Amino acid sequence: MYSYYHEHIRTPILVWALRLILIGILGFTCLSVAQEKLEIDLIETVTQAKQTVDENPTLTAARLNLGFAYLELGSMQQAEAEFKSVVGLDPRAPSGYYWLGGVYFLQSRYEEAIDVFQRALEQLPGWSAAYHALGMSHFERHNHDAAEIAFNIALNLMQKPQSSQYEVLAPSFGTGGYGWNIKPSPANALYFLGLIASQRGRLDTAKEYWRQAIETGPPLAEVYFELGVAHNKDMQWEKSVRVLREAIRLRPEMPAAHYQLARAYLKLDNMTEGTRELEEFQRLKTAYARLSARHTMIRAAPDAAITLFGLARKYMQEEKYAEASREFQKALWHDPRLAKAYSGLGRAYVGLGRLDDALEALGKAIELEPNMAEAYITKGLILLTRADKSGARSDYERAVSACREGIELNPKLKVPIVIRAAIGRAYLREGKLARASHQFEEILKADANFSDAYFYLGAIHLARHEYEKAENAYLRVIELEPSSANAYERLAHLYGTRGILLDKAIQYAERAIDLKPDSAAYYNTLSWLHFLGKDYEKAETSVIKALTLQPDNQLYSEGLKVIREAKQSEDGGKKVGK
Amino acid sequence: MSFRSRATISNQHHSAFFVFHSPYLKISAAVIVILSFSSAIADAQLRFTDVTATTGIRFHHEDGRSGAHYFLETLGAGAAWFDYDQDGDIDIYFVNGADLPGMKSDVPPTNALFRNDGDGTFTDVTDYAGVGDLGYGFSCAAGDYDNNGFPDLYITNFGPNVLYQNNGNGTFTDVTAQAGVGDSLWGASSAFADYDNDGHLDLFVANYVQFEVDSNPECGTIGVRTHCGPEAFHGTASVLYRNSGDGTFTDVTEKSGVWNPNGKGMGVIWCDYDNDADLDLFVANDKVEDWLYRNEGDGTFKDVGLTSGVALNEMGAPYSSMAPVFGDIDNNGWFDLAITNFQDEPNSVYYNDGDGFFSDITYRSGIGGPSLTRLAWGADFADLDSDGWLDLFVATGHLEENVQLLNPTTTYPQQNQLFLSRGDRTFDDVSDSSGDGLLLKRVSRGAAFGDYDNDGDVDILITNSNQTPDLLRNDTANQNHWLVFTAVGTKSNRSGIGTRITVSAGGSVQMREVKSGGSYPSHSDMRLHFGLGESAAAEQVEIRWSSGLIEHYKDVRSNRFLIATEGKGLESLEAEN
């Protein structure tokens, strides 16, 4: 008798499932351009900037850069200190005052902001950006007269050509996170002038400013929005619909625009559109409110690291991985021993496709907190992806090992089914049938129709000689997945092993071959079944087919030899009989 | 719908309705004397005088703070103007806080009742009346829930609320347990109303947030310790109690459709905003969208706040709403809505379009802009200069003692704001030119409105957090005419709450509704004051009772206090001569 080798790893399903996890859960391929811009290693940036300052302590540009880096991390006090150093080193440095004003502005310290923006203007009297920032500070304090003057000056200055010395010295990385550092433009100044007029109750004047802002360009969603609100206040519903739709076109995720648009539609008795816009508003508002609440808490909470961590998690829920990675980094800046922030950062990096960085972050998480099951699981998931690409068994084993570590640390952890399946298979290979069985049963609790779990449970039952259970498991696979060649083949093999239902076994083996005609193993099984039925002709034909597909397979060659010997022996017997 | 009848009664033809009403005799002479002098002074400018020191009011609000920044110590407490002894002048009830952990007062703070002595002074009768609740109180609302002719009192606390039944003899009995209204959540405000028009006052209690003294989170910004905001706490459901008519109430919150566990209720007001003859309910929530519950007329409500346009600001975001107030600001027959909000948020003003929608006229009204620099609390519309147009008073005061560390341009005590109507849906901020009473800078919270000296104009009582209250007497000296109505229900609830009175005079048609509660977290005089401007008489007065009865009176002479008893006509408190 000869034995058979069967490869039980069902690669296509594994690939499919991993892809689902990476795309669906971690948003692997969903990066927008904007998010990519935010991919910054904040801590590394700070470290480098600090190093430059250490080497050149009197270099104002270096201190400005360090200030920017602190600003990115949300470390206002440190940013403030650096910008103060800049103006201390060079009291005539307008940029130092400008950015110090920015730090004050971000902390709602508007009086101090006003003071230093004015100092910046003393050094550089024609600086439109400083006037713009000054106007914004006055506006926040409801000093409408002063704000109006500042914006008007900014507007006039912006309409004249300015030399490069007036360019805002911006950090070398993105400035998208700065709520105050709006790029000064005539359209922005007009936008604020419109707001001032609106808050004074002069809606017609406000509308005029906003119309000018639109004419001036570039198109700003905020301007269209405000114009839409103004039209709503004037009960000019059709006009409102027009401009609000433009606002939404420019920025679809603007809850307020959907809200105002809904109001306009409802007033126009267009209940369908009104309801639809209200629903969209509610959807966006919920997402926005969650983030907004976190931002508010950061300003108020003494424990910034935890709050930043919470904000990062919200971003993760929103699948905003770049933002999440920044917030995790900020949290780590405030508390470098916050292991769960490293774990989160790892997951964010996975979302960004930065798998090496993810593994490093997860490694730090595990180093800080060796019992962090989630970190192991994420690490395992990454390694599984790698194994899927490389096909290397060692990668696969490392992946499964990490997953197993996580699951053993926290058996109640909610683990993706694919990972449980991989762990189950690993246990199966090691002959740890009870543990393997537990994993597949857990899978079935989560998804009673997960056919793979039945398949491997079938294998486990088979190994335990629980033939009836094995048969039921394979039949369940076929019921759930009628094109499962593997299940047909296993059933055929099961019947062959038990020496029962040989015709049905052969039928199932042939069905497996129909479904997967390029499987040498299936031809081998069919050959074996014919061999058992003493139909050596068909057994020979089948094993030759297997050898055609895998000419170097020693097992099949040996099988062919056995068949031919049996055939000869039978022929001999027949001759003797004659 | 209950029956409606048209009873057009002219006072000239039915003089029998104008009779002496003995309990009020003592004020009549005073009113006539005051009027005869005041009419000689032609001064249109509003003038409020702080008369607290001369009134005998000895009350100090205690917030119980110990330095631990407990969230509840910032909200202050309210007061009520109500005529508990039915002697014709309105008395005052003050709600007080209580000691918080770390604070031990020599004498525990209590609520207090001050009887109006009718001569401009008040006497503390708390102990005799038996209304000195010791709970950490916030609001009070009055209403004759048992229809015995004497207004009862409901107090909301951080902890079990209290219902005091007025015994009619100057004393009260705590009937909370038997009435079944001892809700123990954090009640910020409450209001009586007969929402099902069955003649019995129901009760809505606006609950604020889930807060435990034992788990008081620490909050702060730029290194400054502050109180936490509402975002730090989970919301909680408010409660609607239906009066069973037998001295007990039934919790119908869920059944009626007003159950919402996410609320952070601060202020509540009942008003028939859609003119369908039943009372609707507005709840102002703190940093959560406000609710406008439209009364469906079948015992249920539907929240139409979002679709009607009053739930959120123009950015689609919730404000820190405090006090909602309804008033018909342009006399067009539809109640408009104002809501006070936090500092840096404008007080919202919503114009009732009359078709189920409201338009945001916050800034256009002239109220939004000036209100950005104040943290606003109690408020109400009232015709303070009796010119026939509703004005708006707003009590303000910050909630952080150290706010100047965060914003050097603002202060903990703030100047209250007074907005004078121009009669065209816009208002002028006249806070700086309306007498010394408006120049006070205090940590104000509640505001209650009422004519305590019965001189025909509306005075203002302001409660201040951790401070003494202010009584601002309206000394506006102009020749404008007025009418004041007391509604007494017979088939409708005895307090007449929900009764709508419409007065036509000089080409203008004004309307008011009798209400309980309303201004954060206070209760105003339930008598309805109408300014008639230069009109010496109202051409027509229409009274719509919650029972459905509608009565009309013609040619009602001005400058009188009138009692409208449902189905029985008008009585004048003025001696006919």
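Fair warning: this is a prediction, and the values are worked out from it, not measured in the lab.

Chemist: Can you walk me through the overall build of chain A in this structure?
Modeler: For chain A, the helix and strand inventory stands at 30 helices and zero strands. For chain A, buried positions account for 53% of its 578 residues. In chain A, once contacts between residues fewer than 6 apart in sequence are set aside, the share between residues at least 24 apart is 55%. Counting only carbon and sulfur atoms, one obtains 50% of the accessible surface of chain A, whose full area is about 26600 Å².

Chemist: How should I be thinking about the nonpolar core in this particular structure?
Modeler: Within soluble globular proteins, side chains that are nonpolar tend to cluster in buried spots. All names here are of chain A. F328, I419, F440 and Y556 are the most contacted members of the largest nonpolar core, which totals 104 residues. Broken down by element, this core gets its largest block of residues, nine residues, from helix α20 (residues 373-390). For Y556, the contacting residues outside a window of four places in its chain are A520, A521, N524, V543, A546, L547 and Q550. Y70, V103, F117 and A264 belong to the second-largest nonpolar core, a separate cluster that totals 82 residues.

Chemist: Help me understand the sheet that holds strand β23 (residues 348-352) of chain B in this model?
Modeler: The strands making up a sheet associate through hydrogen bonds between their backbones, and the pairing can be parallel or antiparallel. All names here are of chain B. Read across the open sheet, the four strands follow the order β21-β22-β23-β24; overall the sheet is antiparallel. Since the sheet does not close on itself, it has two edges, and those belong to β21 (324-327) and β24 (358-360), each with one partner. Strand after strand, the sheet turns through a mean of 25 degrees between neighbouring axes, direction not considered.

Chemist: Would you mind going over the interface of chain A and chain B with me for this structure?
Modeler: The figure often quoted for interface size is the accessible area lost as the parts come together. Contacts between the two partners involve 33 residues from chain A, matched on the other side by 32 residues from chain B. B:R364 is the salt-bridge partner of A:D234, the closest N and O atoms lying 2.3 Å from each other. Per element, the largest residue contribution to the side of chain A that touches chain B is seven residues, and it comes from helix α15 (residues 271-300) of chain A. In the side of chain A that touches chain B, the residues fall into twelve nonpolar, ten polar and eleven charged.

Chemist: Whenever I open this one, the state of the cysteines confuses me. Can you help?
Modeler: Covalent bonding between the sulfur atoms of two cysteines is what defines a disulfide. Residues and elements named next belong to chain B. Summed over the entire model, instances satisfying the criterion amount to one disulfide over all chains. What pairs with C219 in a disulfide is C228, and their sulfur atoms sit 2.1 Å apart. Measuring the twist about the S-S bond at about 95 degrees, one finds the C219-C228 disulfide to be right-handed. Judged by its relative accessible area of 11%, C219 falls in the buried class.

Chemist: In this structure, what is going on with empty space enclosed by the protein? I would like to understand it.
Modeler: Empty pockets left among the atoms are what a rolling probe the size of a water molecule brings to light. All names here are of chain B. The final tally for this structure, using the stated rule, is six cavities of 30 Å³ or more. The calculated volume of the largest cavity comes to roughly 430 Å³. D380, F381, R512, K515 and L528 are, among the 27 residues lining the largest cavity, the residues nearest its centre. Contributing elements (two or more residues each) for the lining of the largest cavity: β17 (265-271), β21, β25 (376-382), β31 (444-450), β36 (508-513) and β37 (528-533). Residues that form the lining of the largest cavity fall into these classes: 15 nonpolar, four polar and eight charged.

Chemist: So what exactly am I meant to see when it comes to the environment of A:L457 here?
Modeler: Residue and element names in this part refer to chain A. Following the sequence through the fold, L457 ends up in helix α24 (residues 451-463). Once the C-alpha coordinates of L457 and L433 are considered, the two residues, 24 residues apart in sequence, prove to be 9.3 Å apart. Setting aside anything within four residues of it in sequence, one finds L457 in contact with S437, F440, L444 and A473.

Chemist: Help me understand the pairing of strand β32 (residues 459-464) of chain B in this model?
Modeler: Taken residue by residue, a regular strand's side chains alternate between the two faces of the sheet. All names here are of chain B. In terms of residue burial, β32 counts as a mostly covered element, since six of its six residues are buried. Residue alternation in β32 divides its side chains into two sets, D459, L461 and T463 and I460, I462 and N464, and both sets are buried. Bridging between β31 and β32 involves five bridges; their strand directions are antiparallel. If you follow A448 over to β32, its bridge partner there is L461. As paired strands, β32 and strand β33 (residues 470-474) are joined by three bridges and run antiparallel to one another. The partner of L461 across the bridge, within β33, is L471. The turn linking β32 back onto β33 is made up of five residues, and N466 within it adopts a positive phi angle of 60 degrees.

Chemist: Whenever I open this one, helix α29 (residues 536-549) of chain A confuses me. Can you help?
Modeler: One full turn of an α-helix is made of 3.6 residues, so residues set three or four places apart face in the same direction. All names here are of chain A. Given a rise of 1.5 Å per residue, 14 residues ought to cover 20 Å, and the 20 Å separating the end C-alpha atoms of α29 matches this to within 8%. Turning to α29, its buried residues are Y536, A539, E540, S542, V543, A546 and L547. Considered in projection along α29, the buried side chains sweep an arc of 170 degrees and stay on one side of the axis. In α29, the exposed positions angled more than 90 degrees off the buried face are occupied by T541 and T548.

Chemist: Before we go on, may I ask you to explain the sheet that holds strand β29 (residues 427-429) of chain B in this structure?
Modeler: Residues and elements named next belong to chain B. Taking strand neighbours across the sheet as the criterion, the four strands line up as β25-β26-β28-β29 in an open arrangement whose pairing is antiparallel. Edge strands, defined here as strands with exactly one partner in the open sheet, are β25 and β29. Taking each pair of neighbouring strands and ignoring which way they run, the sheet shows an average axis angle of 20 degrees.

Chemist: Looking at this structure, I do not really get the pattern of salt bridges. What am I missing?
Modeler: Close approach of charged atoms lets side chains of opposite charge pair. Residues and elements named next belong to chain B. On inspection of all chains with the given rule, the structure shows 47 salt bridges over all chains. The partner of R473 in a salt bridge is D475, and the shortest N-O contact between them spans 2.8 Å. R473 sits in the partly exposed class, given a relative accessible area of 28%. Since its relative accessible area comes to 22%, D475 is described here as partly exposed.

Chemist: Can you help me understand the packing of aromatic side chains in this one?
Modeler: How two aromatic rings sit relative to each other is set out by the distance from centre to centre and by the angle between their planes. All names here are of chain B. Under the defined criterion, the tally for this structure stands at 50 aromatic pairs over all chains. Ring centres of F59 and F94 lie 4.5 Å apart, and the angle between their planes is 10 degrees; this geometry places the pair in the stacked category. Residue F59 is located in the loop between α2 (52-55) and β3 (79-82), and its partner F94 is located in strand β4 (residues 91-94); the two are separated by 35 residues in the primary sequence. This pair shows no difference in class: F59 is buried, exactly as F94 is. Chaining the aromatic ring pairs together yields one cluster made of F71, Y136, F138, F158, W186, Y208, F211 and F233. Over the ring of Y351 we find R425; its NZ or CZ atom is 3.8 Å from the centre of that ring.

Chemist: Help me out: how do you make sense of the confidence of the model for chain A in this one?
Modeler: Any region with low pLDDT has predicted coordinates that should not be read closely. Predicted confidence across chain A gives a mean pLDDT of 82, with 84% of residues reaching 70 or more. Taken together, the stretch residues 1-39 of chain A has pLDDT below 50 and engages in 85 contacts with residues farther than four places along the chain or on a different chain.

Chemist: Quick question: what am I supposed to make of the side chain of B:S421 here?
Modeler: Residues and elements named next belong to chain B. Relative to the assigned elements, S421 resides in strand β28 (residues 417-421). For S421, a relative accessible area of 7% translates into the label buried. Within polar-contact distance, the side chain of S421 engages the backbone nitrogen of G423 at 2.9 Å. In this structure, S421 is in contact with D387, W389, L390, D391, T426 and F427, ignoring residues within four places of it in sequence.

Cut-offs applied
- Residues numbered from 1 in each chain as written.
- Chains lettered and ligands numbered in written order.
- Predicted model: local features only at pLDDT ≥ 70, side-chain atom pairs only at ≥ 80, totals over all residues.
- Heavy atoms only, no water.
- Helix = DSSP H or I, 4+ residues; strand = E, 2+ residues; numbered from the N terminus.
- Buried < 20%, exposed > 50% of the residue type's maximum accessible area, 1.4 Å probe, protein only.
- Contact = heavy atoms within 4.5 Å.
- Areas by Shrake-Rupley, 256 points an atom, 1.4 Å probe, with all protein chains shown as cover.
- Core = buried A, V, L, I, M, F, W, Y, C linked by side-chain atoms within 4.5 Å.
- Pairing = 2+ DSSP bridges.
- Axes fitted to C-alpha atoms, helices over the stretch in contact; angles between N-to-C directions.
- Salt bridge = Lys/Arg side-chain N within 4 Å of Asp/Glu carboxyl O.
- Nonpolar A, V, L, I, M, F, W, Y, C, P; charged D, E, K, R; others polar.
- Disulfide = S-S within 2.5 Å.
- 1 Å grid on protein atoms, 1.4 Å probe; cavity = no way out; pocket = protein on both sides within 12 Å on 5 of 7 lines; lining within 4 Å.
- Points joined across faces, edges and corners; volume = space filled by probe spheres on them.
- Expected span 1.5 Å × (residues − 1).
- Arc of directions from axis to C-beta.
- Phe/Tyr/Trp six-rings, centres within 6.5 Å; stacked < 30°, edge-to-face > 60°.
- Lys NZ or Arg CZ within 6 Å of the ring centre and 35° of its normal.
- pLDDT = per-residue confidence, 0-100.
- Polar contact = N/O pair within 3.5 Å; in protein donor to acceptor, adjacent residues only side chain to side chain.

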